Amino acid sequence: MASTFSSLQTINSSITNFPCVPIIKKPKLHISLSKTSISSLRVECCSSSTKTYNEDEEMDKIRRLQNGSDVRGVALQGEKGRSVDLTPLAVEAIAESFGEWVIKGLNNKEKVVMVSLGKDPRISGNTLSVAVFSGLARAGCMVFDMGLATTPACFMSTILPPCQYDASIMMTASHLPYTRNGLKFFTKKGGLTSVEVEEICEEAARKYANRFTKVSTTLPTRPTKVDFMSSYAKHLRDIIKERVNHPNHYDTPLKGFQIIVNAGNGSGGFFTWDVLDKLGADTFGSLHLNPDGMFPNHIPNPEDKIAMSLTRAAVLENNADLGIVFDTDVDRSGVVDSEGNPINGDRLIALMSAIVLKEHPGTTIVTDARTSMALTKFITNKGGQHCLYRVGYRNVIDKGVNLDKDGVETHLMMETSGHGALKENHFLDDGAYMVVKIIIEMVRMKLEGSEKGIGSLIKDLEEPLESAELRMVVLSEPRYAKAKAFEAIEAFRTYIEQGSLPGWELDACGDCWVSDGCLVDTNDDPTAIDAYMYRAKVSSEGNEEHGWVHLRQSIHNPNIAVNMQSTVPGGCQYMAKVLRDRFLLPSGMDKILDVTQIDKYATSGNLS
């Protein structure tokens, strides 16, 4: 290990003029480690002399941090019933295992492997960053500190000149509370799959379980600081300038437009001053641009009602052309049109579909299974094809990638949460890039003489008559919650297959033209660490269609999400009653699930 650190010191000293972006010079100190941060990198010795040591339990502490293709956990005290599990020591083991995995995959012993780290403004970020740098250094990687960054920028740092790192890690927990944090992993090929992250976490679990002293190694040299966000912002600016190709002011194509940005105190403020302002836009009235890891104003989430309502008010007050809402790490976005109409969920998918289908007529658009029947009608009426797939943004994106590889042209993949990926942008879910596409279309419409805003592109989208999203918390210790949720989901499937829910039928591909693609939970095998889910079409005993019910195990929290949509008045309440009276209570699932929300909705039709 000493030789590894020595070689890293030699390498670092030889690249003081590394040709990426301007290096921010710091005093000649090692990683800033105060007494507090150093002590935070130590936990008590777990030797047999102090307490009984169970290797499986120690390994499970790391395994339970995996959430699909990400790692997430509690990084700070403050959550009722949840203890800190994303510790610096756990993070160090995971980062080291990721570094080793990258080195092994490159299979080039002569190459120095370079890995970057970006982070959102969460207050646990600084301490956990030290752990990431330490783990990567232990693996033999050269590390680069991007500082405050976005998730899409971390991926772009692997492919965008002049950096082109071998891999990158983004430290974020998206829209989750300030107490949480996590890691997202990228190589030049894109984000890692759930199976790949499982492999890394398994190796990290072995490391963690066998480090009896539980003392983190401090860094021998500081990581190289780089200002990659400036390069990424220029990349976005160049795309807008080139594609708008404004006949009068090429370099300031947004002159005359007022655009409001609500960054939610996350990482998205850069889009205001480093993209929009420099392109000539008026951004007066923008909200919560300063990074604040406590997120004091509202959840940074385009699905959050407060975030959207505040943005709507700012758009109307300033008579702006567009409002933008980013989540914390800017891999998701939503918008508000000039009339103050929020555009997220199905409406955002419809807007992006309208834009993409202009450029790629007939293309397939992949969404998750919670989207409405009205969205399918909207897409097909515009000449597109709609493939519904498993909930989970990684599932949706991977499905699109695989369809495209198989010769089914697929240019857009979007989940109702706001994760959206485009083939033209490396199949990367990038909230800023999605907004760039919308802005380009908005300017083009103006240049063509249209006085209508971008909301006019979805005027034909019908709204679902009724929809609801409810939650059932798993009544279990966190380590058993996943198994209990799986038990409930499978019981739901069995009840339907056995006819215990008359009029309920497990949904198949239906009218989707992709014969092997949509809603294939019944004939597709998800990985063991993926979320389990089923969707059922619901009709009354008189064969009157009511809509559908979708049950999904959450990969982020110990609960089951229940989504419902109906085409008839009172349909969602009817389906909630049937779900409760003919499945949850008779099956005994109410003993392992908190059905309070279902019961309340079935009784009153609302949760207020």
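Not measured: the values here are computed from a predicted model.

Colleague: Just checking my understanding: could you explain the packing of helix 11 (residues 345-359) against helix 14 (residues 431-447) for this structure?
Modeller: A pair of packed helices can be characterised by two numbers: the angle between their axes and the separation between those axes. One way to put it is that helix 11 packs onto helix 14 with a least axis distance of 11 Å and a crossing angle of 65 degrees. For the pair helix 11 and helix 14, the sense of crossing is left-handed. Together, Leu348, Leu351, Met352, Ile355, Lys358 and Glu359 of helix 11 and Met434, Lys437, Ile438, Glu441 and Arg444 of helix 14 make up the contact between the two elements. The residue makeup of the contact of helix 11 with helix 14, split by class, is 6 nonpolar, no polar and 5 charged.

Colleague: Looking at this model, I keep getting lost on the pattern of salt bridges. Mind explaining?
Modeller: Side chains bearing opposite charge may pair, as long as their charged atoms lie close to each other. Per the stated rule, a full pass over the model turns up 39 salt bridges. The residue Asp274 makes a salt bridge to Arg237 at a minimum N-O spacing of 3.7 Å. With Asp274 in helix 9 (residues 270-276) and Arg237 in helix 8 (residues 228-244), the pair connects residues that are 37 residues apart, well separated along the chain. Note on accessibility: Asp274 and Arg237 belong to one class, buried. The residue Asp238 makes a salt bridge to Lys241 at a minimum N-O spacing of 3.9 Å. Taken as a pair, Asp238 and Lys241 lie in helix 8 at a separation of 3 residues, close to a single helical turn. Since its relative accessible area comes to 16%, Lys241 is described here as buried. Three or more residues are tied together by salt bridges with common partners; here these are Arg243, Glu359, Glu424, Lys437 and Arg444.

Colleague: Got a minute to help me understand the side chain of Thr283 in this structure?
Modeller: Tracing the sequence through the fold places Thr283 in the loop between helix 9 and helix 10 (305-318). Classification of Thr283 as buried rests on a relative accessible area of 13%. Here the side chain of Thr283 touches Asp277 through a polar contact of 2.7 Å, side chain to side chain. Excluding residues that lie within four positions of it along the chain, Thr283 makes contacts with Ile259, Thr272, Leu276 and Asp277.

Colleague: Please explain helix 4 (residues 88-106) as it appears in this structure.
Modeller: Think of an α-helix as 3.6 residues a turn; residues three or four steps apart then line up on the same face. For helix 4, with 19 residues, the first-to-last C-alpha span of 27 Å sits near the 27 Å given by 1.5 Å per residue. At the exit of helix 4 stands Asn107, carrying a positive phi of roughly 50 degrees.

Colleague: How should the nonpolar core be read in this particular structure?
Modeller: One recurring pattern in soluble globular proteins: nonpolar side chains tend to sit buried together. By size, the foremost hydrophobic cluster in this structure holds 73 residues, and its most contacted members are Phe271, Ile324 and Ile439. Among the elements that make up this core, the one with the highest residue count is helix 14 (11 residues). Residues within four places of Ile439 in sequence aside, it is in contact with Leu254, Ile259, Phe271, Leu276, Leu322 and Ile324.

Criteria and cut-off values
Residues numbered from 1 in each chain as written. Predicted model: local features only at pLDDT ≥ 70, side-chain atom pairs only at ≥ 80, totals over all residues. Heavy atoms only, no water. Axes fitted to C-alpha atoms, helices over the stretch in contact; angles between N-to-C directions. Helix = DSSP H or I, 4+ residues; strand = E, 2+ residues; numbered from the N terminus. Left-handed = near helix turned anticlockwise from the far one by under 90°. Contact = heavy atoms within 4.5 Å. Nonpolar A, V, L, I, M, F, W, Y, C, P; charged D, E, K, R; others polar. Salt bridge = Lys/Arg side-chain N within 4 Å of Asp/Glu carboxyl O. Buried < 20%, exposed > 50% of the residue type's maximum accessible area, 1.4 Å probe, protein only. Polar contact = N/O pair within 3.5 Å; in protein donor to acceptor, adjacent residues only side chain to side chain. Expected span 1.5 Å × (residues − 1). Core = buried A, V, L, I, M, F, W, Y, C linked by side-chain atoms within 4.5 Å.

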